[in-house]
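# What the coordinates show
Spelled out from the first residue to the last, the chains are:
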Amino acid sequence: MLDRALVDGLFPADLPEPAELEERYPPRELAEGALVTRFGPSPTGFVHVGGLYTAMVSRDLAHSTGGVYVLRIEDTDQSREVEGADAQFRRAFEAFDLMPDEGDIPAPSGAYGPYHQSARAAIYQAYVRELMREGKAYPCFATKEELAEISDAQRTLKLPTGYYGRWAPWRDASAEDVAAALDAGKPWVARFRSLGLVGERFAFTDRLRGRVEAEDNHNDVVILKTSENPVRLPTYHFAHAVDDHLMRTNLVVRTEEWLSSVPVHRQLFAALGFDPVDYAHLAPLMKQEGGSKRKLSKRKDPEASVDFYLEAGFPVPAVQYYLRGLANPRLAEMPLAEALATPLRLDEFGLAGPLVDTVKLSDISADHIATLPGPDVLAGVRTWAAEYDPEIVKVLDANPELALAAIDVERVGVENPRKDLAKWSDFRDAYGFFFPELFTDVTDPADERFGELDPSLVRTVAADLADTYTHEGDQPTWFQQIRDLAARHGFAPNPKTYKKDPDAYPGMLRDAANVARVAITGAQRSPDLYEVTRALGADEVVRRLRAVTG
Ligand code: GLU
C-alpha cells in the first residue's frame with residue numbers, strides 16, 4: 001500500500017475530505033417509500049426518445065411516491081460532447097413537461113449539486129484519494145501498448161482479457177516505482193483494486209427484473225481518467241457510485257445496457273463505504289423491421305430523436321400517453337386523462353423492449369386532437385407553427401374567425417368528429433385550403449383534379465354554379481342546387497343510371513359535385529362541402545368558382 005504522503009501528493013491539496021462531503025450532502029428527509037430518482041443523460045448528441053422515456057419513468061416514480069427527481073448531466077466524456085446539448089435538453093424537457101425538481105435546468109436549483117459532472121471533479125478526486133489511502137485503488141502508468149500486450153498474452157493463454165490479479169502490473173507496485181514513474185512524467189489513471197475473482201458469480205435483486213445473476217467483476221477498472229486531461233474526471237462507473245450516493249438517490253432507473261455493470265458498481269459502493277442503491281433496468285425501446293425487432297437506432301430511425309416528435313408537432317399529452325402505455329401496458333387501455341394521472345408501477349414493466357410504432361402514436365394523437373375544443377386545437381397548431389411554420393401563425397392571426405369555423409367543420413356536434421390532424425404539422429394540408437393566403441385558386445378547367453370531364457364543361461358548370469349560387473339554407477337545400485346543376489348539364493343522377501348507358505352522360509352527379517369541390521377546396525376529397533362553404537362565406541365560394549376560367 002502506498003503511504004499517505006505519496007497518495008496525497010498525487011492530488012490537489014485543497015480537496016475536501018469525504019466526511020465533509022457527507023455533511024454537505026446529508027441524507028434527505030423524506031417520507032418512508034419516497035423515491036429519489038435521477039436522469040443522467042450524456043450531452044453527446046440529440047436527445048433520444050429512449051431518454052425521454054427513462055426520464056418520464058424516473059420522474060413519475062419520484063413524484064408518485066412524494067420523492068425527488070434529479071437531472072444530472074453526465075459530461076465526463078468531453079471529447080464526445082456536442083455543443084448546445086444543454087439547450088437541447090432544456091427544449092426537450094420543457095416541451096414534454098419533464099423538468100427536474102433539482103438540476104441546472106431550467107435554472108440551477110437543489111442542494112445536492114453541482115448537477116454537471118464536469119463541475120464535480122474535486123468531489124470525485126476526494127474519493128479516489130480516499131480509496132488510494134486505504135489501498136483500495138492505485139495509480140496505474142500502463143501505456144496503451146502495454147495494455148494491448150497484456151490482452152494478447154491473455155488471449156494466447158485463453159484467459160479472460162482484462163486488468164486483474166497477476167495481469168495488473170501496477171496493482172502492487174512499490175512506492176519507489178510509483179515515484180519513479182511520476183518523476184519521469186508518465187501519465188496515470190486511477191484503478192480500483194477489485195476483490196472479485198475470475199469465475200465468481202454475483203447476484204442482486206433488480207426492482208424490475210427480480211433476481212439477476214451474472215459473472216462478478218474481477219477487473220481493476222479505471223475510476224479516474226488520465227492525468228493528461230486538463231480536468232481530471234472519473235469514469236462512468238465511479239461517477240455513478242459517488243453521485244448517486246451523495247445525491248441520495250435510492251432508485252437508479254436506467255437502461256438495460258448497464259445491467260452487466262452492476263457487479264462492478266456494487267463493488268465500488270462497498271469499497272467506498274456507501275449503502276448500495278436499488279436499480280430498475282428498463283428494457284430498451286425497439287423497432288419492428290420486417291419480421292424482427294431491433295433497438296431503435298439513433299443512426300437509422302428518425303423517430304429515435306425527440307426532434308422528430310417536436311418537428312412533427314405531436315401533442316405532448318398524446319406522446320406522454322403513448323410512452324406511458326409502453327411502460328405499463330395497462331395504461332394504454334385507459335382513457336388518456338386517466339392514464340396520465342395513474343402512477344407507473346415497477347411491477348408492470350415488461351422485460352421485452354417495447355415497440356415504438358409511429359402509426360399507433362398517430363392514431364392515438366388523432367383521437368386525442370379530435371376530443372379537443374377548436375380553440376385548443378388552434379392554440380396547439382399556433383404554438384407549434386411559431387417555431388416550425390411561421391406562415392401559419394400569420395394566417396391564423398389574420399383570420400381568427402375563419403380559423404375557428406374551419407376547425408369546427410365536422411368536429412362539433414357530430415358523433416364521429418373528423419380526425420384529420422394527427423399532429424400539428426398536418427394542419428397546412430388538412431385546413432390550408434380554407435385560408436386565402438394558403439389557397440391557390442384552381443383556374444385551369446383542364447386540371448387533372450377535375451377528372452375526365454371536358455374542360456369546357458368544367459368551365460360552364462363552375463360558371464353556372466357561380467351565377468346561380470344560393471348560400472343560405474340547410475344542408476339538403478344547399479345540396480339540391482348541386483343536383484339541379486348536374487341535371488341541367490346532363491349528368492346522370494346516380495351511378496346505376498349512368499352505368500346503364502355511360503355514353504349518354506358526361507358523367508354522374510358525383511362528377512358534377514367534384515367540379516364544385518375542386519374549385520372550392522382544391523381537392524377531390526374534403527370535409528363536407530356544405531360545411532366548408534359555411535366557413536368560407538358566399539363571396540369566397542363564388543370567387544373560387546369564378547376563378548375556373550381557363
Ligand atoms: N450517462 C449515462 C447514459 O447516458 C446514464 C446512465 C445512467 O442513468 O446511469 O447512458
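Residues numbered from 1 in each chain as written. Predicted model: local features only at pLDDT ≥ 70, side-chain atom pairs only at ≥ 80, totals over all residues. Heavy atoms only, no water.

Here we come to the environment of Val7. Relative to the elements of secondary structure, Val7 occurs in helix H1 (residues 4-9). C-alpha separation for the pair Val7 and His265, spaced 258 residues apart in sequence, amounts to 23 Å. Not counting residues within four places of it along the chain, the set of residues in contact with Val7 comprises Leu2, Arg129, Met132 and Arg133. (Helix = DSSP H or I, 4+ residues; strand = E, 2+ residues; numbered from the N terminus. Contact = heavy atoms within 4.5 Å.)

This part covers the packing of aromatic side chains. The geometry of an aromatic ring pair comes down to the distance between the two centres and the angle between the two planes. Evaluated as defined, the whole model comprises 20 aromatic pairs. Seen from their ring centres, Phe269 and Phe274 are 6.2 Å apart, and the 80 degrees between their planes marks the pair as edge-to-face. With respect to class, Phe269 is no different from Phe274; both count as buried. Ring pairing ties together the aromatic residues Phe427, Tyr431, Phe433, Phe434 and Phe435, which thus form one cluster. Note that Arg28 overlies the ring of Tyr112, its terminal NZ or CZ placed 3.9 Å from the centroid. Above the plane of the ring of Tyr163 lies Arg191, whose end atom (NZ or CZ) is 3.7 Å from the centre. (Phe/Tyr/Trp six-rings, centres within 6.5 Å; stacked < 30°, edge-to-face > 60°. Buried < 20%, exposed > 50% of the residue type's maximum accessible area, 1.4 Å probe, protein only. Lys NZ or Arg CZ within 6 Å of the ring centre and 35° of its normal.)

Moving on, we get to the layout of surface pockets. Counted as a void, the largest pocket has a volume near 1000 Å³. In terms of lining, the largest pocket is formed by 33 residues, of which the most central are Pro41, Ser42, Thr255, Glu257 and Trp258. Put simply, the parts of the chain that give the lining of the largest pocket at least two residues each are strand E1 (36-39), helix H3 (49-64) and strand E8 (251-255). (1 Å grid on protein atoms, 1.4 Å probe; cavity = no way out; pocket = protein on both sides within 12 Å on 5 of 7 lines; lining within 4 Å. Points joined across faces, edges and corners; volume = space filled by probe spheres on them.)

What follows is about the nonpolar core. Within the largest apolar cluster, 58 residues are counted, with the highest numbers of intra-cluster contacts made by Phe427, Phe434 and Phe435. Residue contributions to this core peak at eight residues, all from helix H22 (residues 509-521). With 57 residues, the next largest nonpolar core counts Leu2, Leu21, Tyr127 and Phe204 among its residues. (Core = buried A, V, L, I, M, F, W, Y, C linked by side-chain atoms within 4.5 Å.)

Time to look at the pairing of strand E9 (residues 278-282). The buried fraction of E9 amounts to four of the five residues, a majority that puts the element mostly inside the structure. Pairing of E8 with E9, which is carried by five bridges, proceeds in the parallel orientation. Bridged to Val252 within E9 is Tyr279. Tracing the backbone out of E8, into helix H9 (residues 262-272) and back to the parallel element E9 gives a crossover that is right-handed. (Pairing = 2+ DSSP bridges. Right-handed = clockwise from strand over helix to strand, strands pointing away.)

With that settled, consider the site of the ligand. By nearness alone, every residue bordering the ligand is listed as Arg38, Gly40, Ser42, Glu74, Tyr236, Arg254 and Trp258. Contact between the ligand and Glu74: a nitrogen atom at 2.6 Å from a side-chain N or O atom of the residue. The side chain of Tyr236 places a nitrogen or oxygen atom 2.4 Å from an oxygen atom of the ligand. A total of 300 Å² of accessible area belongs to the ligand in isolation, and the protein chains cover 81% of it. Judged by the fraction of its atoms near the pocket grid, the ligand is located in the largest pocket. Of the residues belonging to the shell around the ligand, the class tally is two nonpolar, two polar and three charged. (Near = heavy atom within 4 Å. Polar contact = N/O pair within 3.5 Å; in protein donor to acceptor, adjacent residues only side chain to side chain. Areas by Shrake-Rupley, 256 points an atom, 1.4 Å probe, with all protein chains shown as cover. Sits in = over half its atoms within 2 Å of the grid points. Nonpolar A, V, L, I, M, F, W, Y, C, P; charged D, E, K, R; others polar.)

Before going further, it helps to examine helix H23 (residues 529-536). For H23, a buried count of six out of eight residues is recorded, marking the element as mostly surrounded by other parts of the structure. Leu529, Tyr530, Val532, Thr533, Ala535 and Leu536 are the residues of H23 that are buried. On the buried face of H23, the contacting elements are helix H17 (400-408), helix H20 (475-488), H22 and helix H24 (538-547). For H23, the N-terminal capping position is held by Asp528, with its side-chain oxygen 3.2 Å away from the main-chain nitrogen of Tyr530.

Quick look at the packing of H20 against H22 now. The geometry of H20 relative to H22 is characterised by a closest axis approach of 9 Å and an angle of 115 degrees between their N-to-C directions. In terms of axis orientation, H20 runs roughly perpendicular to H22. Helix-helix and strand crossings are classified by hand; for H20 and H22 the assignment is right-handed. Here H20 contributes Phe479, Ile482, Arg483 and Ala486 to the contact with H22, which in turn contributes Leu509, Ala512, Ala513 and Ala516. (Axes fitted to C-alpha atoms, helices over the stretch in contact; angles between N-to-C directions. Parallel < 35°, antiparallel > 145°, perpendicular 65-115°, else oblique. Left-handed = near helix turned anticlockwise from the far one by under 90°.)

Time to look at unusual backbone geometry. Residue Pro106 follows Ile105 across a cis peptide bond; omega there is 0 degrees. Considering the arrangement of structural elements, one finds Pro106 in the loop between helix H4 (85-95) and helix H5 (121-133). Of note, the amide linkage connecting Gly113 to Pro114 takes the cis form, showing an omega dihedral of 0 degrees. Residues other than glycine seldom take positive phi values, yet Asp97 does so here, at roughly 55 degrees. Counting through the fold element by element, Asp97 comes out in the loop between H4 and H5. The partly exposed category is assigned to Asp97, whose relative accessible area is 44%. One non-glycine residue, Arg248, lies in positive phi territory at about 60 degrees. Note on placement: Arg248 falls in the loop between helix H8 (236-246) and E8.

Attention now goes to the pattern of salt bridges. Counted by the stated rule, this structure contains 43 salt bridges. Ionic pairing is found between Arg91 and Asp307, a salt bridge with its closest N-O pair at 2.5 Å. Taken together, the residues Arg91 in helix H4 and Asp307 in helix H10 (residues 306-312) connect sequence positions 216 residues apart. Judged by relative accessible area, Arg91 falls into the partly exposed class, the value being 30%. (Salt bridge = Lys/Arg side-chain N within 4 Å of Asp/Glu carboxyl O.)

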